[in-house]
Structures are given as C-alpha cells and as structure tokens.
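Report on the structure
Residue strings, one per chain:
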Amino acid sequence: MKTIFRFFLIIIISGYPTVSCVPDVTTGEIADGGMVVTAHPEASSIGVEVLQKGGNAVDAAVAVEFALAVCYPRAGNIGGGGFVVYRNSNGAVDAIDYREMAPANAHRDMFLDEDGEVIENLSINSHKASGVPGTVAGMAELHGRYGSMPFHTLVEPAIKLALHGFPVTENQASAFNSNRERFLEVNAVPPAFVKDTPWTEGDTLVQTELAHTLQLIAEKGRDGFYKGEVADYIIKEMERGGGIITHDDLENYRPVWRKPVTGKYRDYRVISMSPPSSGGIALLQLLGKVEPYPLSEWGHNTVRTTHLMAEAERRVYADRSEHLGDPDFYPVPVEQLIDRDYLLERMSSFSMDAATPSEDVSPGEIAYRESEETTHYSIVDSERNAVAGTVTLNRSFGNFVVVPGAGFIMNNEMDDFSIKPGYPNMFGLIGGEANAIEPRKRMLSSMTPTILEKDGDLFMVVGTPGGSTIITSVFQTVLNVLEHKMGMQEAVNAPRWHHQWLPDVISAEPDAFKPGVREELEIIGHRFSERLSIGRVDAILVLPDGRLEGGADPRGDDTARGYNVPDPL
Ligand code: DON
C-alpha cells in the first residue's frame, strides 16, 4: 500500500532507504476506542491488542517499547533510552526520563587526544560511545506507577515476536544489507541481523538470544537486565571492546520522574519533555515566538510563514547550544527560557524583509549538540489517557555492538554530549559547559514527545525521530493542525524543512515549497540545502466528534492501528 507514496527512494545519513513523498492519502486511521501509532506494523498491532484486552495507554506503551526493541532494532531498544510524557484522562500530567547516563568512569575529555583534539568517531563508533542503558528501568518504573496489567504479560508479545520471528519490511531488508559489513566488523559473533544471503522483504528475522533476555526481564523486571546473566554479558562485551560501563553503573542506573514543561499557544496547552531534553523548551520557545503573527492567514510554507519560522528557529537553536543540559548537573533556566517577554525580546532583531545571518545571532543572555535514528510512538486509550514516547539508540543501530548472549544493540548516545566546546556532533549541533561530559550525567537530547490539550481535554499526541530536526518537525506538525487546519495524517504527510542556527541554512525536503517561494526566500538572504526526508512523525488527533485520527508517517513503515468500541448488543 505504502508503495503509492514512493516517489523518491533516498538514502539518509544512516544509509537507510526511505521515501520522500507527496502522499495522496490525507486521512489516517480513524477509530473511537483507542489508537496506537508506531514505526512498525507489528508493534502497533501489539499495542492495540493490549488496549482491546482492557490495558490502559501505559500498558500499551510498555508492550510497544519491548516490541519495538524486537521488530524495529535500528531504534527501538533495550540498550538505549528515552522519554515518555503522560497525560491521564483527568488532565494530570507526568514525565519519565530514562535517558542513558554517562558511566561513572566517564570524564570530560574522554573523546580527546593528548593535544585536546577530538579523536574522530570515538564518540560514535566505539564501545565507549555507549551510555548506561535506561529503557528497561524506565519501563519498569512507568509500569509501576501507571500500569494496570501484570508486567510480564506486556513483555510476552515481544518474547514471542523475537522467538518466532516476523517478516522484515523492504526498508529493513535494505538496512540490514547495507549495514552487514559494519555489524561483522564490530561484533566477534555475527548477530541475527547478518545472514549469508541478502535480506529481502518478507524474510523472517528470529532473535533467540533477545527472546531469552526479554524472558528474564518478564520474570524479574529491571533486575533481569541490570543484574545477573544479562549484566554479565554486557560487562564482558564492554571489556572485550574497551568500553567503560561497569556492573556498578548498571545497578545504579535510575530513571527520573520529571515535571513536564508546559505552556500555552493560543487556546491550546502544550505539555512536553523537560530537560535533559531540549525538546519541550525549544518547542515552547518556537511557538511563543510565532504566536503574535497571523500564520493561518499567511498560509503553509509560504515566503512569510517560512521566513518567520526559520528566524525563530535560528534563535532557539542558539539558546539550546548554551543554556541546556542535564538539570541534575546544570542549572537550566527553564522558566526564563520560555518567558513571554524574553521570547519577544529575542525576536526584536527580526525583520520581515531580511534573514538575520546566524553569525549575528548569539545565544540569549541567560541556554550543545546531537543526531538520526530514534523512534516515536503515540498512544491513546478508551479513557483518553495518552502516552507520547520517544526512544533512541542515537544513530541508527547505535554503535552496532550486539551484546553476545543477550542479542540487543547498544546505544552510542555519548555523542549527544558536547565532547569539546563548539565541536559539532554527528548532526551538526554544538554545545558547551551545560552539556559537557561528567560521570553519571545525562546527555542533552532533542526528543520532543508532546501532548496538547484544548479546553481541558486531550487534543493531540505527537513526536518524531530525527536528531536536531525533531524539534522543528514537531513544531511544523503542530502548526499544520492548529494554524493550517490540516487533519492528522495530512499534517504528518506535509513536506518539512529545518533550520538550526548553525549551519545557517534551511534544509528542506524536495517538495517543501511551491514554485517561486524558495527563490523569494533566497532574495531576502536565506540559503537552502536539500534533504530527501526529515523525521517520521507518529501522532494522534482527537476529532471534534471525539473519535481519534492516527497520523502514521509514510516516510517509513509507520502504522496506525485503532479499534472501535464494540456496539452494545
Ligand atoms: O536524543 C537525541 O536528541 C538524539 N540522540 C536523537 C537521535 C535521533 O533522533 C536519530 N533519529 N532519527
């Protein structure tokens, strides 16, 4: 079905073929019971089955996270970390941070040589690139507070998926093929993703070791991962490959409950992820900066709208580079950064007639660096409890290290720290003191799991992967619905673009602008580069009649699955 969207086959940074599209299907899955939108059809089906069995949105989220670790191994994980933003049907909000932590033996200059120069790729392609994984602890903690079904029943579908296998999609077959050599180079034992003949769509991926690990997690909860057999496997692999994670690091890993950042945009309340993600603050900053302008009148991706949004973006990413980091280590000035007057002040140098060169924009006076493969899921249950979850290994397949015996991939999240002030990470983001490496600190993120409400009721659940582009993709999707009156699928399909201060360029999907718009923006000083695909937004909108519309990104294998409440007999 998705093949109708495929106009351009592209290779993004990870070598993952994906699509840029002008989809002609603009209405997503609609259902009145519950909705699950994830990056893979198997995970979406598992999530919706949990809802149909009476599980709540958190139960479904836990089942989805473990399922994604099996069926979407490039980003779904148990060797990485993430964030969940939660809103219950009464309007109470919460957030859990299960971001990876720097090992206790990490230090500020661990990716530099004796001359203080960055050792190329060490923070990306090595065992040292791994932070202490947070996902299993995060899921156990989230389930402990809000879950309703027994934990093991939520891990079981993932165990079955790993044990019996599932048919790989065309995208996945191609990703396994193009990364084959890398997996073989990094691992002493060839992992399940490597086979003798090329993968083709529909081949079955079986992950027996991963099934065993998941079985231990199902039986023992977090201890099944951070202690005993699995912990021993992780440490053995760290010792083999020169990594620095220890048994102590694993045992001491703790997820943290955080207060989500919240703010208003017109009649809507925006609830998003707080530091150590920059996502929520940056999203609120962006929305606050454009709110005074009549965007709906100006239209979608027109010269005026694009210029205003790009100017807001360059100022927000400049702030991010300086003022954001792990709040347990650095006093992030959250309230100041989203203060209305501060945002207006930051836009005082904005001119409708000309782009402000990024060299003339500095971080605001009171505010790093990052990456491309992560995954986001959105879930709403029949009570209208909502979960927005974004999880990552950082780059696609993390550092490619598959823990022998345990069968899962380790993250390379350490590259999200600022490994040297001003040195751009793999996605061009820079940073300084606030995001410098320290033992047990969490690296700054851009992940932006977000929930919107209107008049006190749930309105939208949204998020995406995409490294530095996460923030601007969420920003655009929100505006597409709120200002440009698009439905959920239409808003997800709409072409995207991105500006992050440095480099001073708007990177845009090929079909982002109507003819002439880009040329006019160039005349006032904007520069452009083409990026074939930006983000994979998975989102849910509550329609005026109370039903749910899922928006699954056609740029990947993303799938929305809803269910209808059965009619009473
Ligand atoms: O936490 C972050 O912001 C990055 N590690 C996310 C990486 C990412 O989104 C890659 N995906 N497409």
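Residues numbered from 1 in each chain as written. Predicted model: local features only at pLDDT ≥ 70, side-chain atom pairs only at ≥ 80, totals over all residues. Heavy atoms only, no water.

1. Some remarks on the overall build of the chain
Per the secondary structure count, the chain includes 18 helices and 21 strands. Computed over its C-alpha atoms, the radius of gyration of the chain comes to 22 Å, within 12% of the 25 Å expected for a compact globule of 569 residues. Overall, the chain is about 75 × 60 × 45 Å in size when its C-alpha atoms are taken along their principal axes. Out of the 569 residues in the chain, the part that is buried amounts to 65%. In the structure as shown, the chain presents an accessible area of about 19500 Å², 50% of it carried by carbon and sulfur atoms. Taken as two groups, the 49 positive and 80 negative side-chain charges of the chain have centres that lie 1 Å from each other. (Helix = DSSP H or I, 4+ residues; strand = E, 2+ residues; numbered from the N terminus. Rg over C-alpha atoms; globule rule 2.2 N^0.38 Å. Buried < 20%, exposed > 50% of the residue type's maximum accessible area, 1.4 Å probe, protein only. Areas by Shrake-Rupley, 256 points an atom, 1.4 Å probe, with all protein chains shown as cover. Lys, Arg positive; Asp, Glu negative; His and termini not counted. Charge placed at Lys NZ, Arg CZ, Asp CG, Glu CD.)

2. What about the nonpolar core?
Core analysis: the biggest nonpolar cluster contains 85 residues, and Val290, Met460 and Leu482 have the highest contact counts within it. By size, the runner-up hydrophobic cluster in this structure holds 83 residues, among which are Leu51, Val132, Leu161 and Val391. (Core = buried A, V, L, I, M, F, W, Y, C linked by side-chain atoms within 4.5 Å.)

3. Describing the pattern of salt bridges
Within the structure shown, the criterion is met by 28 salt bridges. The partner of Arg108 in a salt bridge is Glu433, with the nearest N and O atoms 3.1 Å apart. A relative accessible area of 37% means that Arg108 is categorised as partly exposed. On the accessibility criterion, Glu433 (49% relative accessible area) is partly exposed. Among the salt bridges present, the one from Lys195 reaches Asp203, with a minimum N-O distance of 3.3 Å. (Salt bridge = Lys/Arg side-chain N within 4 Å of Asp/Glu carboxyl O.)

4. Things to note about the packing of aromatic side chains
A full pass over the atoms with the stated rule returns 19 aromatic pairs. Look at Tyr268 and Phe459: their rings are 4.9 Å apart centre to centre, the planes differ by 55°, and that puts the pair in the tilted class. For Lys195, the ring lying beneath its charged end belongs to Trp199, and the centroid distance is 5.1 Å. One Lys or Arg, Arg222, reaches over the ring of Tyr226 and ends 4.5 Å from the middle of that ring. (Phe/Tyr/Trp six-rings, centres within 6.5 Å; stacked < 30°, edge-to-face > 60°. Lys NZ or Arg CZ within 6 Å of the ring centre and 35° of its normal.)

5. Observations concerning the sheet that holds strand β16 (residues 497-498)
As summarised here, the arrangement of the three strands in space is β16-β17-β18, forming an open sheet in which the pairing is mixed. Only two strands of the sheet have a single neighbouring strand rather than two, namely β16 and β18 (528-530). (Pairing = 2+ DSSP bridges.)

6. Remarks on the packing of helix α4 (residues 151-164) against helix α7 (residues 208-220)
Contact geometry for α4 and α7: axes closest at 8 Å, N-to-C directions at 170°. Regarding the angle of α4 to α7, the classification is roughly antiparallel. Across the interface between the two elements, Phe151, His152, Val155, Ala158, Ile159, Ala162 and Leu163 from α4 touch Thr208, Ala211, Leu214, Gln215, Ile217 and Ala218 from α7. Class assignment for the residues of the contact of α4 with α7 results in ten nonpolar, three polar and no charged. (Axes fitted to C-alpha atoms, helices over the stretch in contact; angles between N-to-C directions. Parallel < 35°, antiparallel > 145°, perpendicular 65-115°, else oblique. Contact = heavy atoms within 4.5 Å. Nonpolar A, V, L, I, M, F, W, Y, C, P; charged D, E, K, R; others polar.)

7. Focus on the side chain of Glu237
Turning to its location among the elements, Glu237 is positioned in helix α9 (residues 228-241). According to the relative accessible area criterion, Glu237 is buried, its value standing at 4%. Among the polar contacts made by the side chain of Glu237, one reaches the side chain of Arg240 at a distance of 2.8 Å. Apart from the residues within four sequence positions on either side, Glu237 is in contact with His127, Val401 and Pro404. (Polar contact = N/O pair within 3.5 Å; in protein donor to acceptor, adjacent residues only side chain to side chain.)

8. Some details on the environment of Val492
Counting through the fold element by element, Val492 comes out in helix α17 (residues 488-493). C-alpha of Val492 to C-alpha of Gln476: the two residues are 16 residues apart in sequence and 9.0 Å apart in space. Not counting residues within four places of it along the chain, the set of residues in contact with Val492 comprises Thr477, Val537, Ala539, Gly551, Ala552, Asp553, Pro554 and Arg555.

9. Here's the deal with the domain arrangement of the chain
According to the domain assignment, the chain contains domain 1 (37-256 + 382-435) and domain 2 (258-371 + 448-557). The straight-line distance from the C-alpha centre of domain 1 to that of domain 2 is 26 Å. Domain 1 puts 48 residues into the contact, and the matching count from domain 2 is 50 residues. Here domain 1 and domain 2 share an interface that buries about 3500 Å² over both sides, 59% of which is from carbon and sulfur atoms. Its largest share of buried area at the contact with domain 2, domain 1 owes to Val37, Arg87 and Leu429, together 20% of the area lost on that side. Close ionic contact of Glu453 with Arg87 constitutes a salt bridge, the shortest N to O distance being 2.6 Å. Counting every contact that joins domain 1 to domain 2 gives nine residue pairs in polar contact (both at pLDDT 80 or more). Contributions of two or more residues to the side of domain 1 that touches domain 2 are made by β4 (34-38), β5 (81-87), β6 (93-98), α5 (170-178) and β13 (386-392). Per-class residue counts for the side of domain 1 that touches domain 2 are 24 nonpolar, 16 polar and eight charged. (Domains from an automatic or database assignment. Buried area = accessible area lost by both parts, 1.4 Å probe.)

10. A word on the packing of helix α1 (residues 41-52) against helix α2 (residues 57-71)
In contact at an axis separation of 8 Å, α1 and α2 are set at 155° when each is read in the N-to-C sense. When the interaxial angle is binned, α1 and α2 end up roughly antiparallel. When the axes of α1 and α2 are compared, the crossing they make is right-handed. Contact with α1, carried on its side by Glu42, Ala43, Ile46, Gly47, Val50 and Leu51, involves Ala57, Asp59, Ala60, Ala63, Val64, Ala67, Leu68 and Cys71 of α2 and no other residues of that element. Looking at the contact of α1 with α2 residue by residue, the classes come out as eleven nonpolar, one polar and two charged. (Left-handed = near helix turned anticlockwise from the far one by under 90°.)

11. Section: α2
Between its first and last C-alpha, α2 extends 20 Å over 15 residues, near the 21 Å set by a 1.5 Å rise per residue. Of all 15 residues making up α2, 15 are buried, and the element is well covered by its neighbours. Where α2 begins, one side-chain oxygen reaches toward the backbone nitrogen of Val58, 3.0 Å away; that side chain belongs to Asn56. (Expected span 1.5 Å × (residues − 1).)

12. Some details on the environment of Ser44
Tracing the backbone through its elements, the reader meets Ser44 in helix α1. Counting along the chain gives 91 residues from Ser44 to Thr135, while the straight-line C-alpha distance between them is 19 Å. Residues contacting Ser44, with those up to four places away along its chain left out, are Val36, Val37, Thr38, Thr559 and Arg561.

13. As for the sheet that holds β6
Hydrogen bonds between backbone atoms are what pair the strands of a sheet, whose relative direction is either parallel or antiparallel. On the basis of which strands lie adjacent, the open sheet formed by seven strands has the order β9-β6-β5-β13-β12-β4-β21 and antiparallel pairing. In this open sheet, the two edge strands, each paired with only one partner strand, are β9 (256-258) and β21 (559-563). Each strand axis lies, on average, 15° off the axis of its neighbour in the sheet, ignoring direction. Summarising the sheet, β5 and β6 pair through six bridges and their orientation is antiparallel. Counterpart to Arg87 in the pairing with β6 is Val93. Running at roughly 155° to strand β12 (residues 374-380), α2 makes contact with β4, β5, β6, β12 and β13 of the sheet.

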